[in-house]
Each structure stands twice: as structure tokens, then as C-alpha cells.
Amino acid sequence: MSGARVDARMWWARPGLDVRDGRLFIAGRDAESIARERGTPLYVHDLERIGEQARALHAALSAAGLDGRVRLALKAQHEPEVLRFVRALADVGPRNVEMDVCSPGEIDRAMEQGWREDEISYTGTNLSERDLDAILAHPAVHLNVDLITQIERVGRRAPGRTIGLRVNPRMGAGSMEAGSTLYSGPRPTKFGIFREQLEDALRAARRHDLTVDTVHCHVGDGYLNDRLPDLTEAVRRVAEMVRMLQGEGCPIAEVNTGGGLGVPQRPEDRPLDLGRWAAILAEHLGPLGVAVGTEPGDFLVKECAVHLAEVVTIEERDGRLFVGLDVGWNAMGERFIYRSMLDLILCRAADAPPVRDVTISGHINEGDDLFAEDLPFPEVAEGDIVAALNVGSYNASMSSEHCLRPASGAVFFRDRAMLGGDAR
């Protein structure tokens, strides 16, 4: 980092996000200057970061000897400009980045941005007849069926179709307690077919002449290296289920391992070891002779965006300093929905030491609209610009109109030029 003091306060620094002479730079551009020029609140995207992450995934899968399939989880990021960039990636691996969707609207968005039906994998739950009207209108979209009742419903509507089965190995790798996520763990979740239900699932498929050619699982949630043992056990259980289906004559062509790959969000976090990750998949799935899919949201796009907001109020309240921003949880809601970590940086003094603890609040007329409490922060003034780092996934895509506050603006950089480069 040119002109920067490297210390623990800047654990998040990387190409495309660094500090120069004390100031935060995004994609080679001064963050505060972007905010002054474009206005706030504003998402600033470094699109090249997505390409770097996609290349790393493909390289890890290839090095492990796997036929890898990388798909973007559209629910994480659906900005058309981002999708056009992802669609145009041509040098990330032997296959383009494909698309993982979970609603009819997401099928439409993916196809609008250039993905073919056969490049789209649909995995959703609690499908209505209206959902199936839209999904089955695209016969080449690969449908992973989540529940036995869905097998029956799809079979009645589209006998003879090829489907995948979403399975639940009762094991997860994520930010909850060991061995558990909201998708898969010892407690029942709403997702997937359990091992003891596989025979019933096959009977339902055969009643309607459905061919099962894919096994899908989603067992991860922001996992890093410390959760890889949990992932290992989950994948081992899934591999057993695949072998059972293969033994019953199912032509399983792919095991889709879902998403959940995490990125660092705290100073003590270390990047996910993709070599270890891919080796786990190769050990348990490689012998099955299948392609291996992954469909991350966070890993591909979380680090591609920073949100910029202006400090509009500063006020001492019963010994606490409240720093109020011109944005609220309606426009940046991941922290409030998932309780995820959020790193907040003063753009003009990104490497400055803290002087006191602050509470950083938003402009939504609700008491819980607090982005941080008791946060060590540098000296701050009204008019300053505050950056929320690593918010490229599950933030803008979940914006609401609560209090009729609008969504944040967005700017997209395709390169890491100095200030003055083109934004698209």
C-alpha cells in the first residue's frame, strides 16, 4: 500500500481496497472524492474483484482434478451492471460463470443479462403452482427439487423431466454452532430431503418417470478454515447419498455443493484455503465420477463493493457519541438480517487511531437502525464520509422501501485506474 502504515486496523486491505496517505482508495480512486462527485448514499463497485475470486475458484477445482462448475448465487447480487460484467468473464476457467437462481424473477433476470436456459440452475423451496408455471416454461433450466411434495407436484406437471434432488445431510458448516447452519444441521430445517427419505423420493420420481441426474446440497454459511472439518463430514454424508442413488440406477452427472464459502470479516479471520476446500470435495466426490458445482454469493461478490455515506449528525447523548448517517438499514440490511460483521472506516483518515467509542446510526425511524455500537473510531465531524466495507452481497439486493427511503445509488468501476478513470 503506497503511503500507508500497515497495522491491524487495516486487516481488510487488498488490491482494489487500500490506504494512501491516510485516505481510503477503492479501485484506485479516492473514496471521499467519489462520494463528493456522485453523492451519497452510494455503493462503489470494484468489478475486477469478482473476476479474481472466480478465477481462484476455478483454479482450485481444476488443481484438485475436478470438473468444476462455478455459478453466481443471484440472490446475493442482482445489479444489471454486475451481471453484465460476470457474463462477459471469459478467462476465469474452462467454463463461464453460470447462474444459480431461486425464484421465477431470478430466471428472468439471468436471461435478460445473457445467460442461456442450460446455464441456469434453479434451487428453491415451497414452490407454488404459479412458480411452476414460470419455471417449467423454461425446459432447459435445471430444476433441483427441494421436498418430496415438490417431486410429486413437478411430476404431475412435467412427467418425464430430468430433475435434481436437494438433499439435507443434517450437517452444516457455518457461523452458527459447530456442525450446524440454518440450512442443514442436527435440527430439522425447511430445506432438502433427508437420507431416510431418499427411497420415498425415488419412488415419487419413478411414479412420474422423472430422471434424477443431480444431487444438490447447501450446507454452508460464511465458513472459513476453522469450519472445514464440518464441511468434510457434510460432504462425506452427501457422497454416501449419491452412491445410494447411483446404485439405484440414477445417472448422477453433477453434485452441486451449494454456496456458503466465506471471506474474512474480522481482523483475526484468514482467507478460506481454497486448496484445502477443493481437496475435501475431491476426496469424497471425485471417486463418484461427477462434475462438482459450487454456487457462492459472498465469496464471489461480497468484496466487490463498499458503501459510502455522509455523516449528517453528531450528538452526545448520556455520555455516548451518536454519529448519524444519511443511510439506513433499508438500503444496507445484511447486518440486521444475518447479524453479520460490518467494518466501518472514516474515509479521510482510514488508518488513524481511534479516539473514543461511538454509536453509528442510520436515518430510518426505528430504534434498531444502528450500524455499530461502542465502536472505536477516529475524530469525526459532520460532513465526513464513512465507508462500510465488503457489502457487495446481501445488501443492495435486499433493499426495501421502508419509510419510503430510496435505495442507495451505485457506481461501477471495471478497472483500477487512478481517479478520473471511467465508471460504467
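Okay, so let's go over this structure. (Residues numbered from 1 in each chain as written. Predicted model: local features only at pLDDT ≥ 70, side-chain atom pairs only at ≥ 80, totals over all residues. Heavy atoms only, no water.)

## Details of the sheet that holds strand β5 (residues 68-73)
This is how the line gets drawn: Pairing between strands requires that DSSP locate at least two bridges from one strand to the other. Elements are defined by DSSP. Helices are runs of H or I of four residues or more, strands are runs of E of two residues or more, and each kind is numbered from the N terminus. To get an axis, a line is fitted to the C-alpha atoms, and for a helix only the part in contact is used. The angle between two axes follows their N-to-C directions and goes from 0 to 180 degrees. Here, two residues are considered to be in contact whenever any of their heavy atoms come within 4.5 Å of each other.
Strand order in the closed barrel made by the eight strands is β5-β6-β7-β8-β9-β11-β13-β14, with parallel pairing throughout. Adjacent strand axes in the sheet meet at a mean angle of 30° when their direction is disregarded. Against the sheet, helix α6 (residues 148-157) contacts β8 (142-145) and β9 (162-166), and its axis sits at roughly 140° relative to β8.

## Some points on helix α1 (residues 31-38)
Stated formally: With a 1.4 Å probe rolled over the protein chains alone, any residue whose accessible area is under 20% of its type maximum counts as buried; one over 50% counts as exposed, and the rest are partly exposed. As used here, the arc belongs to the directions running from the helix axis to the C-beta atoms.
Buried residues of α1: A31, E32, I34 and A35, and no others. Relative to the axis of α1, the buried residues are bounded by an arc of 160° and lie together on one face. Those residues of α1 that are buried are in contact with β2 (23-26), β3 (29-30), β4 (42-46), β15 (305-317), β20 (385-388) and β21 (409-413).

## Remarks on the pairing of strand β16 (residues 320-325)
Note that β15 and β16 share six bridges and pair antiparallel. If you follow V311 over to β16, its bridge partner there is L325. What sits between β15 and β16 in their antiparallel hairpin is a turn of two residues, with D318 showing a positive phi close to 50°. The sheet contact formed by β16 and strand β18 (residues 356-361) spans four bridges and is parallel. Across the sheet, residue F322 finds its bridge partner in β18, namely T359.

## Quick notes on the side chain of H58
Looking at where H58 falls in the secondary structure, it is placed in helix α2 (residues 48-63). Residue classification places H58 among the buried positions, given a relative accessible area of 4%. Once you skip the residues sitting within four places of it in the chain, H58 turns out to touch G68, V70, V92, G93, P94, R95 and N96.

## Topic: the pairing of strand β11 (residues 211-216)
When you tally the buried positions in β11, you get five out of six residues, the bulk of the element. With five bridges connecting them, β9 and β11 associate as parallel partners. If you follow L165 over to β11, its bridge partner there is V215. Pairing of β11 with strand β13 (residues 254-256), which is carried by three bridges, proceeds in the parallel orientation. Bridge assignment links T214 to a residue of β13, and that residue is E254.

## A short note on the packing of α6 against helix α7 (residues 198-207)
Applicable threshold: Working definition: roughly parallel below 35 degrees, roughly antiparallel above 145 degrees, roughly perpendicular at 65 to 115 degrees, and oblique for all remaining angles. Residues were grouped as follows: Ala, Val, Leu, Ile, Met, Phe, Trp, Tyr, Cys and Pro as nonpolar; Asp, Glu, Lys and Arg as charged; and all remaining residues, including Gly, as polar.
With their axes 9 Å apart at the nearest point, α6 and α7 run at an angle of 5° to one another. It follows that α6 is roughly parallel to α7 by the angle criterion. Between α6, through I148, I151 and E152, and α7, the contact on the second element is made entirely by D200, A201, A204, A205 and R207. Grouping the constituent residues of the contact of α6 with α7 by class yields five nonpolar, no polar and three charged.

## Describing the environment of E366
Selection rule: Throughout this description, a polar contact denotes any pair of N or O atoms lying within 3.5 Å of each other; where both atoms belong to protein, one of them has to be capable of donating a hydrogen while the other can accept it, and for residues adjacent in sequence the pair is counted only when both atoms sit in side chains.
Along the chain, E366 falls in the loop between β18 and β19 (370-377). Assessed through its relative accessible area of 38%, E366 is described here as partly exposed. Look past the residues within four positions of E366 in its chain and what remains in contact with it is W329 and H402. Engagement of the side chain of E366 in a polar contact is seen with the side chain of H402, the distance being 2.9 Å.

Honestly, it's all geometry; don't read function into it.
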